[in-house]
Amino acid sequence: MPRLVAVAVTLAFMAAGCSSADTATDAPSSIRVATFNASLNRPALGQLVSDLQSENAQARAAADVISANSPDVLLINEFDYSGDAAVTLFNDNYLDKQYPYSFTAPVNTGVDSELDLDKDGALGGPGDAWGFGQFPGQYGMVVFSKFPIDTESVRTFQNFLWKDMPDSLLPRDYYGEVSDALRLSSKSHWDVPIDVNGKTLHVLASHPTPPSFDGPEDRNGKRNHDEIRLSADYISGADYLYDDKGVRGGLEQGASFVMLGDQNSDPVDGDSVAGAIAQVLDLPRVQDPAPTSGEHGTDTADFADPTPGDLRVDYVLPSDDLTVVDSQVYWPNQAEHPSDHRLVWADLEI
């Protein structure tokens, strides 16, 4: 059965109060899970909401990319946080209300730390926020889903302190006495459980800081490394972790998951700390479909030439108990594109 037909049948059963177990044969169905840094960030608070209330060319182009690939579960990075306002507008006005379920939450970008984190001798501004940003919520995230999200069980790690990661790369020589106050996640890390035909799929969403725009102390490179490590340690069930509700520990052993997001780290190129993304790719429980797109290979981002150039920084990484049916980097031929990143998807048997 084709993937889209299988999903449609599944949704019909769910609407009727049935599950796939009620069918004569309990055959596996596949769903498409995708990540897309859509560059739907704006320079001012409230501008994204304003743009989405009417027709906006860049938002329409981003929606066209999403519709061309029709993911069942989608993480969008760089989607300014404004509560549910922008999420609802984008789904209703641009995505034809495809997604009955969504999740978004506050992030660290633009949230004033009231500390001089960028060492410019003044307080305030994007460099003194917990995560670089002009206003609270800039460069946020949203998860869209055609399947129910267990919002009560979502775990977020916005407030986890960098100092509480054992053997971290926290550059204390640079940050000095404010080191212990620093939050690790530049945006946030989320575990969003989704009910796919009675089976829970944990969507592990994040967007670590770019490993650049700093000095010889490499504070952003080290933060990127440790943000990726947070995901790796969460998958491994590390007991030092605590979420924003104070619940300790990582992912339950044996849980099905897919890690999504712009990790700002290429396995072989770019400015990230050596081995940063390998912390996840080398985990026994993680599969790397290594999706490709013709001449661009596994690259997912079209950055400035010659440096850093095209890089692989966006990932869809399922757990080893899921079957990868297919995967791809969507890299269309036309020159104009709504983002410097490309959508990445994987079809998974759940």
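What comes next concerns the included structure. (Residues numbered from 1 in each chain as written. Predicted model: local features only at pLDDT ≥ 70, side-chain atom pairs only at ≥ 80, totals over all residues. Heavy atoms only, no water.)

**Regarding the overall build of the protein chain**
Cut-off, in case you're wondering: Numbering of helices and strands runs from the N terminus; a helix is a DSSP stretch of H or I covering at least four residues, while a strand is a stretch of E covering at least two. Computation of the radius of gyration draws on C-alpha atoms, with the globule rule given as 2.2 Å multiplied by the number of residues to the power 0.38. Only protein chains enter the accessibility calculation, which uses a 1.4 Å probe; a residue whose area is less than 20% of its type maximum is buried, one above 50% is exposed, and one in between is partly exposed. Residues count as neighbours in contact if any of their non-hydrogen atoms are within 4.5 Å of one another. Residue-level accessible areas treat just the shown protein chains as cover; the underlying method is Shrake-Rupley with a 1.4 Å probe. We count Lys and Arg on the positive side and Asp and Glu on the negative side, and we leave His and both chain ends out. Each charge is placed at NZ for Lys, CZ for Arg, CG for Asp and CD for Glu.
Helix and strand counts for the protein chain come out as 7 helices and 13 strands. Taking 20 Å as the expected radius of gyration for a compact globule of 350 residues, we find that the protein chain reaches 20 Å, a close match to that expectation. Each of the three principal axes of the protein chain carries a C-alpha extent, and together these read 65 × 45 × 40 Å. Relative to its full complement of 350 residues, the protein chain shows a buried share of 55%. Put simply, of all contacts in the protein chain between residues at least 6 apart along the chain, 72% involve residues at least 24 apart. Summed over all atoms, the accessible surface of the protein chain reaches about 14,400 Å², with 49% contributed by carbon and sulfur. The centroid of the 22 positive side-chain charges in the protein chain is displaced by 3 Å from the centroid of its 55 negative side-chain charges.

**Describing the pairing of strand β7 (residues 199-205)**
So the rule is basically this: Only when DSSP finds a minimum of two bridges between them are two strands counted as paired.
Burial analysis of β7 places 5 of its 7 residues in the buried class, which makes it a mostly covered element. The sheet contact formed by strand β6 (residues 190-196) and β7 spans 7 bridges and is antiparallel. The partner of Ile194 across the bridge, within β7, is Leu201. Between the antiparallel neighbours β6 and β7 lie 2 residues, among them Asn197 with a positive phi of about 55°. Here 5 bridges tie β7 to strand β8 (residues 256-262), and the two strands are oriented parallel to one another. Within β8, the position partnered with Leu201 by the bridge is Ser256.

**So, the environment of Leu281**
Inspection of the secondary structure assignment puts Leu281 in helix α7 (residues 278-281). Spatially, the C-alpha atoms of Leu281 and Leu317 are 8.1 Å apart, while their sequence positions differ by 36 residues. Setting aside residues no more than four positions away along its own chain, Leu281 makes contact with Pro267, Val286, Asp288, Tyr315 and Leu317.

**What about the nonpolar core?**
The cut-off we apply is this: Put simply, a nonpolar core is a bunch of buried Ala, Val, Leu, Ile, Met, Phe, Trp, Tyr and Cys residues held in one set by side-chain atoms that sit within 4.5 Å of each other.
Phe160, Tyr175 and Leu241 are the most contacted members of the largest nonpolar core, which totals 34 residues. Listing elements by their share of this core, those giving two or more residues are α5 (172-175), α6 (219-235), β8, α7 and β11 (314-318). For this core, the element with the most residues is α6, which contributes 5 residues. Every residue in contact with Tyr175, bar those within four places of it in the chain, is listed here: Leu117, Lys119, Trp162, Leu170, Leu182 and Arg219. Ranked by size, the runner-up nonpolar core spans 28 residues in total, among them Phe147, Ile149, Val203 and Val316.

**Side note on the sheet that holds β8**
Strand order in the open sheet made by the 5 strands is β5-β6-β7-β8-β11, with mixed pairing throughout. Each of the sheet's edge strands pairs with one partner strand only, and the pair in question is β5 (155-156) and β11. In this structure, β5 lies alongside β6, joined through 2 bridges in antiparallel fashion. Across the sheet, the residue bridging to Arg155 is Asp191, located in β6.

**Looking at α6**
Let me state the cut-off plainly: A helix is expected to span 1.5 Å for every residue after the first.
Taking 1.5 Å per residue as the helical rise, α6 with its 17 residues ought to reach 24 Å, and the 24 Å between its terminal C-alpha atoms agrees with that figure. Burial of α6 is extensive: 16 of the 17 residues sit out of reach of the surface. Just past α6, the residue Gly237 takes up positive phi, approximately 80°.

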